Amino acid sequence: MKPVSFRGFALNANGLAARFDRSFQRPAITPVSARREGNRPLIAAVEQELWSLPDLGMLIEGDAVDADALRLGLLKAFDTKAGWGALIISNEDGTNERHLMAVCTVVTQKKGDSGDGFVASLVAADDVFWRPTGVSSVSTIMNSSPKTITVTNGGDVDAYPTIGIYESAGISGDAYWRYRRFIPIKWTSGGVTDYPYELTN
């Protein structure tokens, strides 16, 4: 897993090397118990704790063109007063970029590295799932009845698509009529109720 950027500041580029110190783990949970007279507490619910990401180590390499500019940009991007920002990672070959929103709680300078080594501690600010940086889009022409369309979710969490219906371009000739009609859309995935649809035109 390769760090790409944080708050738009490029990692692993321009003479800066960055790595997490270990693989990612899931956040811990805290059981919420209810006391019962004469019996042991009953676990009534669970709540997730803050997810502290592995430490992010960064090193300004000796061949960096402008080490001072890199150091200033790094400290600005990981400013603990700046709030949350997008942390983007990728596979080792640079493919499959994904992101989550994170907060930098502390950034420290490593001793003995002449000011060129830093370690940042990050905490997930919202969802603890990596989401793609791009948008997947699938379209089809409604030219049959019934008409189906399949959108593949390449991730491992629920996706919430936006569905748009638009009129087609004008058809030449005099044997066609434009008309309006009610178009029912049925969500066939199991266990889904009251799913919100966003329809355009």
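The structure displayed is predicted, hence computed values, not measured ones.

Chemist: Explanation requested: the overall build of the protein chain in the structure shown.
Modeler: Helix and strand content of the protein chain: one helix and 10 strands. Secondary structure of the protein chain in N-to-C order comes out as β-β-β-β-β-β-α-β-β-β-β. Looking at the protein chain alone, contacts between residues at least 24 apart form 59% of all its contacts between residues at least 6 apart.

Chemist: Can you walk me through the environment of P27 in this structure?
Modeler: The residue P27 is located in the loop between β3 (16-20) and β4 (29-36) in this model. Residue classification places P27 among the buried residues on the basis of a relative accessible area of 12%. Placed 25 residues apart in sequence, P27 and S52 show a C-alpha to C-alpha distance of 7.5 Å. Residues contacting P27, with those up to four places away along its chain left out, are Q48, E49, W51 and V128.

Chemist: Even after reading the chapter, I still don't get the nonpolar core, so can you show me in this structure?
Modeler: As a rule of thumb, nonpolar side chains are buried together in soluble globular proteins. Counting residues in hydrophobic clusters, the biggest one holds 26 residues, and the most contacted among them are M58, F78 and L122. Every element with two or more residues in this core is listed here: β3, β6 (56-60), α1 (67-77), β7 (84-90), β8 (98-109) and β9 (117-124). Considering each element in turn, this core owes the most residues, four residues, to β9. Excluding anything up to four places from it in sequence, M58 contacts L11, L16, A17, A18, L74, F78, D116, G117, F118 and A120.

Chemist: Would you take a moment to explain the side chain of S5 for this structure?
Modeler: With respect to the helices and strands, the residue S5 is situated in strand β1 (residues 2-6). Apart from the residues lying within four places of it in its own chain, the contact partners of S5 are A10, L11, A86, L87 and I88.

Chemist: Looking at this model, I keep getting lost on the pairing of β8. Mind explaining?
Modeler: Residues in a regular strand project their side chains so that they alternate between the two faces of the sheet. As paired strands, β7 and β8 are joined by six bridges and run antiparallel to one another. The partner of A86 across the bridge, within β8, is M101. Across two bridges, β8 lies against strand β10 (residues 131-132) in antiparallel orientation. For H99, the partnering residue across the bridge sits in β10 and is R131. When β8 meets β9, the two strands line up antiparallel, connected through seven bridges. Paired with V103 across the two strands is V123, which belongs to β9.

Chemist: Explanation requested: unusual backbone geometry in the structure shown.
Modeler: Glycine aside, a negative phi is what most residues show, and trans is what most peptide bonds show. The phi dihedral of N12 is positive, around 55°, even though this residue is not glycine. For N12, the location among the structural elements is in the loop between β2 (9-10) and β3. The backbone phi angle of N14 is positive, close to 60°, even though this residue is not glycine. Mapping N14 onto the fold places it in the loop between β2 and β3.

Chemist: Explain the pairing of β6 here, please?
Modeler: Because side chains alternate across β6, one face comprises the buried residues L56, M58 and I60, and the other comprises G57 and L59, none of which is buried. As judged from the five bridges shared by β3 and β6, these two strands associate in the antiparallel manner. Looking at the pairing, L16 lines up with I60 of β6. Bridge count for β6 against β9 is four bridges, and the pairing is antiparallel. Looking at β9, one finds that M58 is bridged to F118.

Chemist: I'm lost on a nonpolar patch on the surface in this one. Help?
Modeler: Taken together, the side chains of I29, I43 and V46 present a nonpolar region at the surface, about 290 Å² in accessible area. With respect to the secondary-structure elements, I43 resides in strand β5 (residues 39-48). A residue is classified by how much of its surface remains accessible, and I43, at 51% relative accessible area, is exposed.

Scoring rules and cut-offs
- Within every chain, residues take consecutive numbers counted from 1 along the sequence as written.
- Where totals are concerned, whole chains, interfaces and linings use all residues; where local detail is concerned, this predicted model gives features only for residues with pLDDT of at least 70, and gives and counts side-chain atom pairs only at 80 or more.
- Only hydrogens and water are set aside; all other atoms, that is, all heavy atoms of the structure, feed into the side-chain values.
- By definition, any uninterrupted DSSP run of H or I lasting at least four residues is a helix, any uninterrupted run of E lasting at least two residues is a strand, and each is numbered from the N terminus.
- The contact rule is simple, with two residues in contact once any of their heavy atoms fall within 4.5 Å.
- Each residue is placed in one exposure class: buried if its accessible area under a 1.4 Å probe, protein chains only, is under 20% of its type's maximum, exposed if it is over 50%, and partly exposed if it falls in between.
- By convention a nonpolar core is built from buried Ala, Val, Leu, Ile, Met, Phe, Trp, Tyr and Cys residues, the set being connected through side-chain atoms within 4.5 Å.
- A pair of strands is considered paired only if DSSP assigns at least 2 bridges between the two.
- Each patch groups residues whose relative accessible area exceeds 30% and which form no salt bridge, using 9 Å between like charges and 5 Å between nonpolar side chains of Val, Leu, Ile, Met, Phe, Trp and Tyr.
- Surface accessibility in these figures is a Shrake-Rupley result with a 1.4 Å probe; residues are shielded only by whichever protein chains are displayed.
- Counted as salt bridges are all cases of a side-chain nitrogen of Lys or Arg within 4 Å of a carboxyl oxygen of Asp or Glu.

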